[in-house]
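So you can see what is in the structure, the chains are spelled out below.
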Amino acid sequence: MELLTIGAFAKASRLSPKALRLYDELGLLTPVRVDPVTAYRFYAPDQLDQARLVAWLRRLGMPLARIQHVCALETGPAAQEIRAFWAQVEADTTARRDLAAFLIDHLSRKDSAMPPAPKPLGIRYAALSDTGLVRESNQDTAYAGSRLLAVADGFGKGGARASAAAVNALKHLETDGVPAGNLLNVLEDAIEQAKQAVHDAGTGASREEAGTTLTAMLWTGSQLALVHIGDSRVYLLRDGELFQITHDHTKVQSMVDEGRLSPEEATSHPQRSLLIRALGQGADTTADMRLHNAQQEDRYLLCSDGLSTVVPIEELRRVLSEIREPEQAVRELITLANGFGSPDNVSCVVADVLELHD
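Computed from a predicted model, the values in this text were never measured in an experiment.

Student: Lay out empty space enclosed by the protein with the relevant residues and their values.
Tutor: The full count for this structure, using the stated rule, is two cavities of 30 Å³ or more. Put simply, the largest cavity is a space of about 50 Å³. Considering the residues around the largest cavity, the lining is formed by Leu 148, Leu 170, Leu 173, Leu 187, Ala 190, Ala 216, Met 217, Leu 218, Ala 225 and Val 227. Mapped by element, the contributors of at least two residues to the lining of the largest cavity are helix H7 (183-201), strand S8 (214-219) and strand S9 (223-229). With three residues, S8 is the largest single contributor of residues to the lining of the largest cavity. Along the lines of polarity and charge, the residues of the lining of the largest cavity split into ten nonpolar, no polar and no charged.

Student: Just give me the short version of the pattern of salt bridges, but keep the residues and values in it.
Tutor: If you walk through the whole model with that rule in mind, you get twelve salt bridges. Of the charged contacts, one joins Asp 24 and Arg 41 as a salt bridge, the two residues approaching to 2.8 Å between their closest N and O atoms. Separated by 17 residues along the polypeptide, Asp 24 in helix H2 (residues 17-25) and Arg 41 in strand S3 (residues 41-43) bring together distant segments of the chain. For Asp 24, a relative accessible area of 17% puts it in the buried group. A relative accessible area of 17% places Arg 41 in the buried class. Close ionic contact of Arg 124 with Asp 352 constitutes a salt bridge, the shortest N to O distance being 3.1 Å. With Arg 124 in strand S4 (residues 121-130) and Asp 352 in strand S15 (residues 346-355), the pair connects residues that are 228 residues apart, well separated along the chain. In this structure Arg 124 comes out as partly exposed when scored by relative accessible area, which is 26%. A relative accessible area of 7% means that Asp 352 is categorised as buried. Salt bridges sharing common partners tie together Arg 124, Arg 299, Glu 325 and Asp 352.

Student: Please set out helix H6 (residues 159-168) residue by residue, giving values where relevant.
Tutor: Every buried residue belonging to H6 is among Gly 159, Ala 162, Ser 163, Ala 165, Ala 166 and Val 167, and all of these are buried. Its buried side turned inward, H6 meets strand S5 (140-144), strand S6 (148-156), H7, strand S7 (210-212), S8 and strand S12 (279-280).

Student: With reference to specific residues and values, describe the sheet that holds S3.
Tutor: Strand order in the open sheet formed by three strands is S1-S3-S2, and the pairing between neighbours is antiparallel. Edge strands, defined here as strands with exactly one partner in the open sheet, are strand S1 (4-5) and strand S2 (33-34). Across two bridges, the pairing between S1 and S3 is antiparallel. Paired with Leu 4 across the two strands is Tyr 43, which belongs to S3.

Student: Explain unusual backbone geometry to me, using residue names and the numbers behind them.
Tutor: One non-glycine residue, Arg 14, lies in the positive phi region at around 65°. Judged by its relative accessible area of 70%, Arg 14 is exposed. Phi is positive for Ala 39, which is not a glycine, with a value near 65°. Checked against the element boundaries, Ala 39 lands in the loop between S2 and S3. Relative accessible area serves as the criterion here: at 44%, Ala 39 is assigned to the partly exposed category.

Student: An account of the layout of surface pockets is requested, with residue identities and associated values reported.
Tutor: Reported here for the second largest pocket is a volume of approximately 530 Å³. Taken together, 22 residues make up the lining of the second largest pocket; nearest its centre are Arg 233, Asp 248, Gln 253, Thr 267 and Thr 309. Taken together, the elements giving at least two residues each to the lining of the second largest pocket come down to strand S10 (233-238), helix H8 (251-257), helix H9 (263-267), helix H10 (305-308) and helix H11 (313-322). Grouping the amino acids of the lining of the second largest pocket by side-chain chemistry returns ten nonpolar, seven polar and five charged.

Student: If you had to explain the packing of aromatic side chains to someone new, which residues and values would you point to?
Tutor: Going through the model one piece at a time under the given rule, you end up with two aromatic pairs. Between Phe 9 and Tyr 43, the aromatic rings sit 4.3 Å apart at their centres with planes inclined by 10°, giving stacked as the arrangement. With Phe 9 in helix H1 (residues 6-13) and Tyr 43 in strand S3, the pair connects residues that are 34 residues apart, well separated along the chain. Its relative accessible area of 0% is what places Phe 9 among the buried residues. Judged by relative accessible area, which is 0%, Tyr 43 ranks as buried. On the numbers, 5.8 Å between centres and 70° between planes, the contact of Tyr 40 with Phe 42 is edge-to-face. A relative accessible area of 39% places Tyr 40 in the partly exposed class. Here Phe 42 falls in the buried class, since its relative accessible area comes to 15%.

Rules used in this analysis
- Sequence positions are assigned chain by chain, starting from 1 and proceeding in written order.
- Residues qualify for local features only when their pLDDT is at least 70, as the model is predicted, and side-chain atom pairs are given and counted only at 80 or more; totals for whole chains, interfaces and linings, by contrast, use all residues.
- Just so you know, side-chain values use all the structure's heavy atoms and leave hydrogens and water out.
- The way it works is a 1 Å grid over only the protein atoms, where trapped points that fit a 1.4 Å probe form a cavity and open points with protein on both sides within 12 Å along at least five of seven lines form a pocket, and then any residue with an atom within 4 Å of a point lines it.
- Grid points are joined across faces, edges and corners, and a volume is the space filled by probe spheres set on the points.
- Every helix listed is a DSSP run of H or I at least four residues long, and every strand listed is a run of E at least two residues long, numbered separately from the N terminus.
- Polarity classes work like this: nonpolar for Ala, Val, Leu, Ile, Met, Phe, Trp, Tyr, Cys and Pro, charged for Asp, Glu, Lys and Arg, and polar for all others, with Gly in that last group.
- The term salt bridge refers to a pairing of a side-chain nitrogen on Lys or Arg with a carboxyl oxygen on Asp or Glu at a separation within 4 Å.
- Three exposure classes are used, based on accessible area relative to the maximum for each residue type with a 1.4 Å probe and protein chains only: buried under 20%, partly exposed in between, and exposed over 50%.
- Pairs of residues are marked as contacts when any of their non-hydrogen atoms sit within 4.5 Å.
- In this scheme, strands are said to pair when DSSP sees at least two bridges between them.
- Note on aromatic pairs: the rings of Phe, Tyr and Trp (six-membered ring only in Trp) are paired at centre separations within 6.5 Å, and the planes decide the class, stacked below 30 degrees, edge-to-face beyond 60, tilted for the rest.

This is how it looks when you write it as structure tokens:
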């Protein structure tokens, strides 16, 4: 078999000689022979497929360590790994897109005051939390006020303290003025305050065993700003249709995103509650932040996974569509969850956007 010089191989594979030397040093693409005198590298023609794969993966932006892993796999698993990588890229791009839209919206404003809505809007709200039928204590916290809506689902020995601390850290937003141009910073500061509060709520060894999800919305007068980390959820009922507007930060959801699991398989997966983001010691505390333009007659549901994992989506839509008063709606949702067995604590907040009258 005639070997190719590094120059000829570089041209055929569309990789530079410099890149080939680096990949050799990393053990990613080792030449068949190295001249003992000149140290000149020679490659076999059948290495071209792997070299071209490396070139394409680099164009995708895949890190070298992950390329090395992909190249060691058989064809099927390699394709699956590339699919998983690209799903993560798309998720990251979506998060950056949301942040860019957020920044554009605020930087485009003429002044630091919230622009008046065409009609003065407000919210009508109710919150309720229940231990459920299995757990001995309630580690959830639900809160609803004139500006702040929040649900936190604690876990670990200090979970109840953690969830309460996270929500309490945000309550100053009820009274503090929030200029439009500073909203993004306010939300980011709020997450840092909640993170510190959760840390402070732990004592001794339990500090490492306590954490919480946090899903909160801040009413600005015409918009709802969302902060979300974990697997509590926000749903929006608009024109009779129910939409989930948060993305679960769980291992199973990431597997669905990557094409490793179907949504149907995810519902019964043994690790469906394993979080990849949360507030707690050593956790990834990166929060999603979005801004939603409110419309009159919108209805928002914030809930812990004790509701969303046991009550079918159509039942949620039915209750939210048929029951007018938020106080009655949250009671009915808790009753519904208990009717399905309530293996976990159940918390929910229902908030309606309505026109204010003098």
